[in-house]
Structure formats: C-alpha cells, structure tokens
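Read off the chains here:
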Amino acid sequence: MRLSKYLFWDSEYEKIDWDKKARYVIEKVVSLGTIDDWKQIREFYGLEKIKKEMLEVRSLDPKTHNFLSHILNVPKEKFRCYTWKQSIPKHFPF
C-alpha cells in the first residue's frame, strides 16, 4: 500500500504493520487523507473492516463523523465517538 507519507509523520512509514495497526492507519486516512488514500484503504481493508474499526474510535471531527456515517450507512449515534462526546459534561454558560 502506498499511502500519503505525510499522514504518518509520527511513525516510520516503512515499518508500519498495515494489519496490526489497521485502526491507526484507517483513522489517519479518513481524517486527513486524500481520496486516493481512501480508495486504497477501502480496497485493502474493505468497508466491513473500516466500519468495525471506526465504530470504536473515541474521537472524530464532525466532518469525518458525518462522512463515515453516510458511507458506512451507520447512524451517528452508533459511533463510540458520539457516545463518548456526550458523556463529557460541558461548562455551564454564564
């Protein structure tokens, strides 16, 4: 797999184990990758694996959350990031 190297600035690209680090790789690509990166992970992992991993992620930006909800045909409420975000109390507005 030849994904954009800038996504993995915090790792040694050549040493990434694509199978063991699937959640890490998928999260980076869906949050910051290009459409070509998306196509590659979709082909490599398949939508079911992407769905399984992304449902367990604690934090996704709203745009990525909406994209995944639509592409994977899963209600936003089913994502862990949605329930985790709701469990954090907000500051009281004065």
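Residues numbered from 1 in each chain as written. Predicted model: local features only at pLDDT ≥ 70, side-chain atom pairs only at ≥ 80, totals over all residues. Heavy atoms only, no water.

Engineer: Can you walk me through the pattern of salt bridges in this structure?
Structural biologist: Pairing between side chains becomes possible if they bear opposite charge and their charged atoms approach one another. Evaluated as defined, the whole model comprises six salt bridges. Here E14 ties to K5 by a salt bridge, and the two come within 3.5 Å at their closest N and O atoms. Of the charged contacts, one joins E53 and K52 as a salt bridge, the two residues approaching to 4.0 Å between their closest N and O atoms. Judged by relative accessible area, which is 7%, E53 ranks as buried. (Salt bridge = Lys/Arg side-chain N within 4 Å of Asp/Glu carboxyl O. Buried < 20%, exposed > 50% of the residue type's maximum accessible area, 1.4 Å probe, protein only.)

Engineer: How should I be thinking about helix α2 (residues 35-45) in this particular structure?
Structural biologist: Think of an α-helix as turning once every 3.6 residues; residues three or four places apart then point the same way. Regarding α2, the residues found buried are D37, W38, I41 and Y45. Buried residues of α2, seen end-on, are gathered within an arc of 100° and therefore sit on one face of the element. Projecting away from the buried face of α2 at angles above 90 degrees are the exposed residues I35 and E43. On the buried face of α2, the contacting elements are α1 (22-32), α3 (47-54) and α4 (62-72). Positive backbone phi, at 85°, marks G46, one or two positions downstream of α2. (Helix = DSSP H or I, 4+ residues; strand = E, 2+ residues; numbered from the N terminus. Arc of directions from axis to C-beta. Contact = heavy atoms within 4.5 Å.)

Engineer: Is there a simple way to think about the side chain of E53 in this case?
Structural biologist: Looking at where E53 falls in the secondary structure, it is placed in helix α3. Only 2.8 Å separates the side chain of E53 from the side chain of R23, close enough to count as a polar contact. In this view, E53 contacts R23 and I26; residues no more than four positions away in its chain are not counted. (Polar contact = N/O pair within 3.5 Å; in protein donor to acceptor, adjacent residues only side chain to side chain.)

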